[in-house]
Amino acid sequence: MTYRGQKSMVPLQSFYPYLAIIFLLFHVLHLSSIEAQNDGFTIKLFRKTSNNIQNIVQAPINAYIGQHLMEIYIGTPPIKITGLVDTGSDLIWIQCAPCLGCYKQIKPMFDPLKSSTYNNISCDSPLCHKLDTGVCSPEKRCNYTYGYGDNSLTKGVLAQDTATFTSNTGKPVSLSRFLFGCGHNNTGGFNDHEMGLIGLGGGPTSLISQIGPLFGGKKFSQCLVPFLTDIKISSRMSFGKGSQVLGNGVVTTPLVPREKDTSYFVTLLGISVEDTYFPMNSTIGKANMLVDSGTPPILLPQQLYDKVFAEVRNKVALKPITDDPSLGTQLCYRTQTNLKGPTLTFHFVGANVLLTPIQTFIPPTPQTKGIFCLAIYNRTNSDPGVYGNFAQSNYLIGFDLDRQVVSFKPTDCTKQ
Ligand SMILES: *[C@@H]1O[C@H](CO)[C@@H](O)[C@H](O)[C@H]1NC(C)=O
Ligand SMILES: *[C@@H]1O[C@H](CO)[C@@H](O)[C@H](O)[C@H]1NC(C)=O
Ligand SMILES: *[C@@H]1O[C@H](CO)[C@@H](O)[C@H](O)[C@H]1NC(C)=O
Ligand SMILES: *[C@@H]1O[C@H](CO)[C@@H](O)[C@H](O)[C@H]1NC(C)=O
């Protein structure tokens, strides 16, 4: 299996569901429009007034049980979809009625029959072949199957409908013929707040490949709030022009191509725990870390993991928990205050990224009272490492596919 969809590759003992809080965010869509045509898509910029300020296309994102959810609207009338944000895969899909096999979701299922702009893609369409798993159904629909690293799976038909985003000025931006999977049979580790998944990889069907060129380039930025941030607090994902990460404190590392264009690989040279430097094993080449918002922890190749693990244990002035088999081999501590742990510096080519315990330790949930666990796991096979969403929190991170770089800027994402 390829690296597409690294979503939750590891069972995470510490991610127990906690009380669901209903989203309070509600965006009113103003109608009246300007239209533009590009590459077969129609973009409609809905404006309240007729000024010419450039909108930055945005979507709110918030944290829920180790994953991050992004809001977009699909259909006519627009239905709010909250989808898991995954830079490690390319397909956008949502659970659709009629449901042959779906996981539980708290919001009603998207019903294609209720959208006046919904269309199934024909399997004769070149769009069907943008996804390598598109096959013809007897009705000539484009059936797809799309799997993830944790064995989650979605099956359904490829479809097009109008998608609507928000913007920095509050004005909705909508585009027609947005391509996504209408998932009629979806299984795996999804939670009831996830109505689907938003693939943000570099491949042709991803959100950024679809909308980037329409809004000033294939680039986007994200600011993920830390784990356990109140679900009502959202930060923003920005797309295209205006999404660049600029200013003081920005560090930048090149994206290194590897296999498919889906994945965002960067090169990690080594890690410092406070002042002690541990190099990446020299037999491991470039493109050794996948930047993946769909995987919560960091996964490191075993040799580097073992050294970082030992040194973190050295630097924390508490006794690790050894009497709780449910924690497995994780490095965990019991403390009623915030955990005081070392600062880790990830030395990427050209970019030193500093991580504090907020980004490296899973804090306690109501179910794991007082227990903090290191959010860095042991990669016991020869697959590349993963720079997961925990470590990405409280950084404004820009993915610029046109320039082939990733930029990091320390930012309090709860205030962004
Ligand atoms: C749904 O997909 C699963 C996994 O591929 C399969 O075992 C099951 O039969 C499917 N269910 C239906 C109703 O098609
Ligand atoms: C699209 O395909 C699905 C699944 O095959 C089907 O249930 C639905 O009726 C189709 N919708 C339209 C508008 O053709
Ligand atoms: C195509 O997808 C539809 C709806 O998901 C399903 O009912 C049908 O069995 C699939 N057909 C093939 C040939 O995969
Ligand atoms: C990482 O995994 C390897 C292989 O399973 C094991 O030998 C090693 O002890 C693990 N490292 C730690 C620190 O648990």
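Note that the structure is a prediction, hence the values are computed from the model and not measured.

(A) Here's a closer look at the overall build of the protein chain. Scanning the protein chain from terminus to terminus reveals 4 helices and 29 strands. When burial is assessed residue by residue, the protein chain has 58% of its 416 residues classed as buried. Restricting to contacts in the protein chain with at least 6 residues of sequence separation, those with at least 24 account for 70%. When the accessible surface of the protein chain is split by element, carbon and sulfur atoms take 55% of a total near 17100 Å².

(B) Here's a closer look at the sheet that holds strand β21 (residues 332-334). Taken in spatial order, the 3 strands line up as β21-β25-β24 in an open sheet, and their pairing is antiparallel. Two strands close off the open sheet at either side, each with one partner strand: β21 and β24 (361-362). With 3 bridges connecting them, β21 and strand β25 (residues 371-374) associate as antiparallel partners. In the strand pairing of β25, Arg334 is matched with Ile371.

(C) Quick look at the sheet that holds strand β17 (residues 268-273). What the 4 strands build is an open sheet, ordered β18-β17-β22-β23; its pairing is antiparallel. Among the strands making up the open sheet, the edge pair consists of β18 (276-279) and β23 (351-355). Sheet twist, expressed as the average angle between the axes of neighbouring strands with direction ignored, equals 20°. Judged from the 5 bridges that link them, β17 and strand β22 (residues 344-348) form a sheet pairing that is antiparallel.

(D) Local environment of the site of ligand 4. In the region of ligand 4, the neighbouring residues are Gln302, Tyr305, Asp306, Phe309, Asn378 and Thr380. Between ligand 4 and the protein, one listed contact pairs a nitrogen atom with a side-chain N or O atom of Asp306 at 2.7 Å. Contact distances for ligand 4 include 2.3 Å between an oxygen atom and a side-chain N or O atom of Asn378. The leading source of residues in the shell around ligand 4 is helix α2 (residues 302-315), at 4 residues. Split into classes, the residues belonging to the shell around ligand 4 amount to 2 nonpolar, 3 polar and 1 charged.

(E) Spatial organisation of a nonpolar patch on the surface. A cluster of nonpolar side chains, namely Leu269, Tyr277 and Val349, defines an oily patch on the protein surface of about 250 Å² accessible area. You can see Tyr277 is positioned in strand β18. Looking at Tyr277, the relative accessible area reads 41%, which means it is partly exposed.

(F) The nonpolar core, seen in detail. Residues Phe178, Phe239, Leu300, Phe346 and Tyr387 are the most contacted members of the largest nonpolar core, which totals 73 residues. Residues within four places of Phe346 in sequence aside, it is in contact with Leu268, Gly270, Ile271, Met289, Ile298, Leu300, Ala351, Asn352, Val353, Leu355 and Tyr387.

Cut-offs used in this document
Residues numbered from 1 in each chain as written. Chains lettered and ligands numbered in written order. Predicted model: local features only at pLDDT ≥ 70, side-chain atom pairs only at ≥ 80, totals over all residues. Heavy atoms only, no water. Helix = DSSP H or I, 4+ residues; strand = E, 2+ residues; numbered from the N terminus. Buried < 20%, exposed > 50% of the residue type's maximum accessible area, 1.4 Å probe, protein only. Contact = heavy atoms within 4.5 Å. Areas by Shrake-Rupley, 256 points an atom, 1.4 Å probe, with all protein chains shown as cover. Pairing = 2+ DSSP bridges. Axes fitted to C-alpha atoms, helices over the stretch in contact; angles between N-to-C directions. Near = heavy atom within 4 Å. Polar contact = N/O pair within 3.5 Å; in protein donor to acceptor, adjacent residues only side chain to side chain. Nonpolar A, V, L, I, M, F, W, Y, C, P; charged D, E, K, R; others polar. Patch = residues over 30% accessible without salt bridge, like charges linked within 9 Å, V, L, I, M, F, W, Y side chains within 5 Å. Salt bridge = Lys/Arg side-chain N within 4 Å of Asp/Glu carboxyl O. Core = buried A, V, L, I, M, F, W, Y, C linked by side-chain atoms within 4.5 Å.

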